[in-house]
Amino acid sequence: MSTSLDQDSRADAAPLVVLRNVNKHFGALHVLQDIDLEIKQGEVVVLIGPSGSGKSTLCRTINRLETVDSGTITIDGRPLPAEGRELARLRAEVGMVFQSFNLFAHKTVLENVVLGQVKVRGIAKDRAVRTAQELLERVGVGAQASKYPAQLSGGQQQRVAIARALAMNPKVMLFDEPTSALDPEMINEVLEVMRQLAADGMTMVVVTHEMGFARSAANRVLFMADGRIVEQNTPEAFFTAPRSERAKDFLSKILHH
Amino acid sequence: MGFLFEDGNFALFRDGFLQTIELSALSALLALLLGTLLAAFRVSPVPVLRAFGTGWVTIFRNTPLTVLFFAVTFGLPPLGVHFSHLVFAVLALGSYTAAFVCEVLRSGINTVPIGQAEAARSLGLTFGQTLTQVVLPQAARTVLAPMSSVFIALPRNSAIAGAFSVSELYSAQQTFSERGYSIFAIFFWVACAYLVISATVALLFRFLESRLAVAR
């Protein structure tokens, strides 16, 4: 996948997403504790950890679906603004794929992929439709364009959701447990689309329990527990020789059952 | 029963019927637009707008409609606002019904999964676009049944306008009564006319329900 040359050129570039000293509480729960994270252009970062560790929350803070109590988050050098038009513009640069797909239930598959292009980017309808068709073909659901989301399988819906996010031409894609709501036989069709996206050089932050995907597609694995990034490493190093007790414990539970 | 077709009575009845339809249609339009706006206010992140929406609903839903007609018809002219009786009636009835439309829509908004709005915001849609493109269309579809009740009540509520110099269906009844026709016969025809309007509204909503249902 990524050659050492890629790694070098990546290292030179300014990081695309930067979190500095980010803290967040849900009531008494300190869900994100002093998070520092830099994600470079083209990097695929996989977030893993036990449930309640804050990985989904971390993912959602990057496009400010969750606000933070303190610390800064910048995307492509620009700090995330407060809620409003400017934030909306910035969100358009950050694609998001949800566990529960969240396709617009009253719109056809094609309309789902067209909406953002027309309303946010101001792209002409016919051009937006062409782009949408191409993207739907690319994720393998071109034949479903005129159907409504409820008529599709979970795997198809999630691929449409990926196409919808890609239609905005985002700089970074966030995946919040994209396969956790899927039947087992549909997980691979979604992961395959994500692997292809990673291979095409998309910057990705992926919260997942799919260790196979983490091994094969990630540049870096972040292990989170209790609101902290406990350990980060290349997937190879992390899975073969985890350093922290928490990570060893976690891996032993999920890999040997 | 036959009086309706004597002495030019039918023309009076027909004009009253048409006036009721005009009054109801204009009020319904105002209620729909204003009610949607109020619902948007009530779910908006801006506290002032939320307070305005809540205040409107509290005042207009809890005031007897006749009192509202009084307030509009006799309260506005001293303030320099002069409209025809029909327009005053539309303002009173529309503002009143808007409060109900707002609450029905708001209950619909609460049934739209939060993920729909999150997905819309993630695409970069603004709050207004999220509401108009994604949330309200789905909310409206889920509340068609209770909404039809609101819009069936509206033409019947419009009868109050008859007491405020609008020559609609109910005021035609008053004229017929003064002419001395049988009360039973008069009310039979008036009730039939309201039934036609209500049944038409109900059919319209049933058609919309069958066409616009959202599958999840």
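Criteria and cut-off values
- The numbering scheme is per chain: residues are counted from 1 as the chain's sequence reads.
- All chains are assigned letters beginning at A, and all ligands numbers beginning at 1, according to the order in which they are written.
- Only residues with pLDDT of at least 70 get local features here, since the model is predicted, and only at 80 or more are side-chain atom pairs given and counted; chain-wide, interface and lining totals rely on the full set of residues.
- Side-chain metrics in this entry use all non-hydrogen atoms of the structure; hydrogen atoms and water are not considered.
- We call a set of buried residues a nonpolar core when its members are Ala, Val, Leu, Ile, Met, Phe, Trp, Tyr or Cys and they connect through side-chain atoms within 4.5 Å of each other.
- Think of it in three bands: with a 1.4 Å probe and only protein chains considered, a residue is buried below 20% of the maximum accessible area for its type, exposed above 50%, and partly exposed in between.
- Only DSSP runs of H or I covering at least 4 residues are called helices, and only runs of E covering at least 2 are called strands; the numbering of each starts at the N terminus.
- Contacts are assigned to residue pairs with any non-hydrogen atoms lying within 4.5 Å of each other.
- The buried area of a pairing is the accessible area, by a 1.4 Å probe, that goes missing from both parts when the two are put together, added over both.
- Think of a salt bridge as a Lys or Arg side-chain nitrogen and an Asp or Glu carboxyl oxygen that are within 4 Å of each other.
- Polar contact is defined as a pair of N or O atoms within 3.5 Å, subject to the rule that within protein one atom must be able to donate a hydrogen and the other to accept it, and that residues adjacent in sequence are counted only when both atoms are side-chain atoms.
- Put simply, Ala, Val, Leu, Ile, Met, Phe, Trp, Tyr, Cys and Pro go in the nonpolar bin, Asp, Glu, Lys and Arg in the charged bin, and everything else, Gly too, in the polar bin.
- Confidence scores here are pLDDT values: one per residue, from the predictor, ranging 0 to 100.
- At least two bridges found by DSSP between two strands are what make those strands a pair.
- Here a Phe, Tyr or Trp ring, Trp counted by its six-membered ring, pairs with any other such ring whose centre lies within 6.5 Å, and the pair is stacked when the planes are under 30 degrees apart, edge-to-face when over 60, and tilted otherwise.
- Throughout this description, the term charge over a ring refers to an Arg CZ or Lys NZ atom that lies within 6 Å of the ring centre and within 35 degrees of the ring normal.

K.L.:
I keep staring at the nonpolar core and nothing clicks. Help me out?
P.N.:
Nonpolar side chains in soluble globular proteins generally cluster together in the buried interior. By size, the foremost hydrophobic cluster in this structure holds 53 residues, and its most contacted members are A:Leu136, A:Ile162, A:Met173, A:Phe175, A:Met194 and A:Met204. Here the element with the most residues in this core is helix α7 (residues 184-199) of chain A; it accounts for 8 residues. Each residue touching A:Met194, except ones within four places of it in the same chain, is listed here: A:Ile162, A:Phe175, A:Pro178, A:Met204, A:Val206 and A:Phe213. Listed in part, the 46 residues of the second largest apolar core include B:Ala28, B:Leu65, B:Val112 and B:Val150.

K.L.:
How should I be thinking about the interface of chain A and chain B in this particular structure?
P.N.:
The extent of an interface is frequently quoted as the accessible surface area lost upon association of the parts. Listed per partner, the contact involves 24 residues of chain A and 20 residues of chain B. Where chain A abuts chain B, roughly 1,900 Å² becomes buried across the two surfaces, and 60% of that area is made up of carbon and sulfur atoms. B:Arg121 is paired through a salt bridge with A:Glu83; the nearest N and O atoms lie 3.7 Å apart. For the interface between chain A and chain B, the tally reads 8 residue pairs in polar contact (both at pLDDT 80 or more). Those elements that place two or more of their residues in the side of chain A that touches chain B are α3 (85-91), β6 (94-97) and α4 (109-119) of chain A. Looking at the side of chain A that touches chain B residue by residue, the classes come out as 13 nonpolar, 4 polar and 7 charged.

K.L.:
I would appreciate a short explanation of the confidence of the model for chain B in the present structure.
P.N.:
Should pLDDT be low for a region, the predicted coordinates there are not to be read in detail. When pLDDT is averaged along chain B, the result is 93, and 99% of the positions lie at 70 or above. Interface confidence for the predicted complex, expressed as ipTM, amounts to 0.89; the pTM equals 0.85.

K.L.:
Mind showing me how you'd approach the pairing of strand β4 (residues 70-75) of chain A here?
P.N.:
For a regular strand, side-chain orientation follows a simple rule: the groups alternate between the two sheet faces. All names here are of chain A. For strand β1 (residues 17-26) and β4, the ladder comprises 5 bridges, and the chain directions are antiparallel. For Arg-20, the partnering residue across the bridge sits in β4 and is Thr-72. Between β4 and strand β5 (residues 78-79), which follow one another and run antiparallel, lie 2 residues, and Asp-76 among them has a positive phi close to 55°.

K.L.:
Help me out: how do you make sense of the packing of aromatic side chains in this one?
P.N.:
One pair of aromatic rings is described through two measures. These are the centre distance and the angle between the planes. Scanning the entire structure with this criterion turns up 21 aromatic pairs over all chains. When the centroid spacing of 5.2 Å and the interplanar angle of 75° are considered together, the rings of B:Phe188 and B:Trp189 count as edge-to-face. Clustering of aromatic rings is evident, with ring pairs tying together B:Phe5, B:Phe10, B:Phe13, B:Phe188 and B:Trp189. A cation over an aromatic ring shows up here: A:Arg164 above the ring of A:Phe104, its NZ or CZ 4.5 Å from the ring centre.

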